[in-house]
Amino acid sequence: MAPEQRRSRFRPCIDLHEGQVKQIVGGTLSDRNDSELKTNFVATQPPEYFAGKYRDNSLEGGHVIKLGPRNDEAARRALVEWRDHLQIGGGITADNAKEWLDAGASKIIVTSYLFPGGNFDLERLRTISSLVGKDKLVVDVSCRRRGDKWFVAMNKWQDITTMEVNKENLDMLAQYCNEFLIHAADVEGLCQGIDEELVKKLGEWVTISTTYAGGAKSISDLETVNRLSGGQVDLTYGSSLDIFGGVVSFDELVKASNQ
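Residues numbered from 1 in each chain as written. Predicted model: local features only at pLDDT ≥ 70, side-chain atom pairs only at ≥ 80, totals over all residues. Heavy atoms only, no water.

Asks: So what exactly am I meant to see when it comes to the overall build of the chain here?
Replies: If you tally the helices and strands in the chain, you get eight helices and 14 strands. In terms of C-alpha radius of gyration, the chain reaches 17 Å, essentially the compact-globule figure of 18 Å for 259 residues. Projecting the C-alpha coordinates of the chain onto the three principal axes gives extents of approximately 45 × 45 × 40 Å. Going through the 259 residues of the chain one by one, you find that 56% of them count as buried. For the chain, long-range pairs separated by at least 24 residues make up 64% of all intrachain contacts whose partners lie at least 6 apart in sequence. Approximately 11,300 Å² of the chain is accessible, and the part contributed by carbon and sulfur atoms is 45%. Charge centroids of the chain, computed over 31 positive and 38 negative side chains, lie 1 Å from each other. (Helix = DSSP H or I, 4+ residues; strand = E, 2+ residues; numbered from the N terminus. Rg over C-alpha atoms; globule rule 2.2 N^0.38 Å. Buried < 20%, exposed > 50% of the residue type's maximum accessible area, 1.4 Å probe, protein only. Contact = heavy atoms within 4.5 Å. Areas by Shrake-Rupley, 256 points an atom, 1.4 Å probe, with all protein chains shown as cover. Lys, Arg positive; Asp, Glu negative; His and termini not counted. Charge placed at Lys NZ, Arg CZ, Asp CG, Glu CD.)

Shown next as structure tokens:
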């Protein structure tokens, strides 16, 4: 009997900014100019409310992202609510990675630490992988499009690195981690559709668990990602969800993901 074909699933998120759960237009985050920030949604509920909701619906593999400073306490509260089931990203380095695992994260997510000065540092990847273990490491290769290629973006997606997102580089990174998180920063938070070309390429390239985020606007996008990636890529929904002020029913999406 042939093994059952893997299907793309819904992966939840908790994005934290200034200690609050928010949904932000990805390309407007900046260290330099807060006036450019475009916010789609600010939650009245604390982060642990959303962590509990994900737990109650058995939504594994979700991520908590700290967008800038003053988010540590909020992140810890979310992790405690569903200990060992949520990943943590934002400002993670070799110096604090174990601390976040001890705080209840299932895995740690790294980007900027791997790119000092915008250039990839393999030694840093080896260091943090050996420190926490390959099975506890997610590499965030969130990217921005340049022509017909994609390049890793760091520092809240403001700075473009020299690393292209392609099969060769993903295969190299996969030697040291067991999951990728990929925000398409150009469409993140816009609710105007996913980057279908990137999703299709990821389906061809990746050999480990991979979650794509950016632009999801309807439940049908989950099936689109499943079709384009051959079930190899999971999909994060943010601003479009009703729990974040959008129009997509969280409950209906959970049902669709579980089919």
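Asks: Could you clarify how one ought to interpret the sheet that holds strand S11 (residues 159–164) in this entry?
Replies: Hydrogen bonds between backbone atoms are what pair the strands of a sheet, whose relative direction is either parallel or antiparallel. Spatially, three strands are ordered S9-S10-S11 in an open sheet, and the strand pairing comes out antiparallel. Of all the strands in the sheet, just strand S9 (143–146) and S11 have a single pairing partner and so form its edges. On average, each strand axis in the sheet is inclined to that of its neighbour by 45°, with strand direction left out of account. (Pairing = 2+ DSSP bridges. Axes fitted to C-alpha atoms, helices over the stretch in contact; angles between N-to-C directions.)

Asks: What is the right way to look at the packing of helix H1 (residues 47–56) against helix H2 (residues 72–81) in this model?
Replies: What describes two packed helices is the angle between their axes and the distance between those same axes. Between H1 and H2, the least distance of the axes is 8 Å, while the angle of their chain directions is 25°. Regarding the angle of H1 to H2, the classification is roughly parallel. As for the relative orientation of H1 and H2, their crossing is right-handed in sense. Contacts from Pro-47, Glu-48, Ala-51, Gly-52 and Arg-55 of H1 reach H2 at Ala-74, Arg-77, Ala-78 and Glu-81. Looking at the contact of H1 with H2 residue by residue, the class counts come to four nonpolar, one polar and four charged. (Parallel < 35°, antiparallel > 145°, perpendicular 65-115°, else oblique. Left-handed = near helix turned anticlockwise from the far one by under 90°. Nonpolar A, V, L, I, M, F, W, Y, C, P; charged D, E, K, R; others polar.)

Asks: Looking at this model, I keep getting lost on the sheet that holds strand S14 (residues 233–236). Mind explaining?
Replies: The mixed open sheet is built from eleven strands, whose spatial order is S1-S14-S13-S12-S8-S7-S6-S5-S2-S3-S4. One side of each edge strand has no neighbouring strand; the edge strands of this open sheet are strand S1 (10–11) and strand S4 (39–42). Relative to S14, S1 runs parallel, the two being bridged by two bridges. Within S14, the residue paired with Arg-11 across the bridge is Thr-236.

Asks: I would appreciate a short explanation of the pattern of salt bridges in the present structure.
Replies: A side chain of one charge can pair with a side chain of the opposite charge if their charged atoms are brought near each other. Taken as a whole, this structure holds 20 salt bridges when the rule is applied. Residues Arg-126 and Glu-123 are paired through a salt bridge, measuring 3.7 Å at the closest nitrogen-oxygen approach. Of this pair, Arg-126 and Glu-123 both sit in helix H4 (residues 122–132), three residues apart, which is roughly one turn of that helix. By relative accessible area, Glu-123 is classed as partly exposed at 47%. Connected through shared salt-bridge partners, Arg-6, Arg-11, Lys-107, Glu-179 and Asp-234 make up one network. (Salt bridge = Lys/Arg side-chain N within 4 Å of Asp/Glu carboxyl O.)

Asks: Quick question: what am I supposed to make of the packing of helix H6 (residues 196–205) against helix H7 (residues 220–229) here?
Replies: It is the contact of H6 with H7, at a shortest axis distance of 7 Å, that shows an interaxial angle of 45°. As summarised for this structure, H6 and H7 are arranged oblique, according to the angle between their axes. In contact with Glu-196, Val-199, Lys-200 and Gly-203 of H6, H7 contributes Thr-224, Val-225, Leu-228 and Ser-229. Here the contact of H6 with H7 is built from residues that sort into three nonpolar, three polar and two charged.

Asks: Can you walk me through helix H8 (residues 250–258) in this structure?
Replies: Because an α-helix completes one turn every 3.6 residues, residues spaced three or four positions apart along the sequence face the same direction. Those residues of H8 not exposed but buried are Phe-250, Leu-253, Val-254 and Ser-257. The arc enclosing the buried residues of H8, seen along the axis, measures out at 100°, which places them on a common side. Buried residues belonging to H8 abut S1, H1 and H7. (Arc of directions from axis to C-beta.)

Asks: Is there a simple way to think about the pairing of strand S2 (residues 13–17) in this case?
Replies: Consecutive side chains along a regular strand alternate between the two faces of the sheet. Counted residue by residue, S2 has five buried out of five residues, so it is predominantly covered. Taking every second residue as pointing to the same face, both faces of S2 are buried, with Cys-13, Asp-15 and His-17 on one and Ile-14 and Leu-16 on the other. In this structure, S2 lies alongside strand S5 (residues 62–66), joined through four bridges in parallel fashion. The residue bridging Leu-16 from the neighbouring strand is Lys-66, located in S5. Across two bridges, the pairing between S2 and strand S3 (residues 20–24) is antiparallel.

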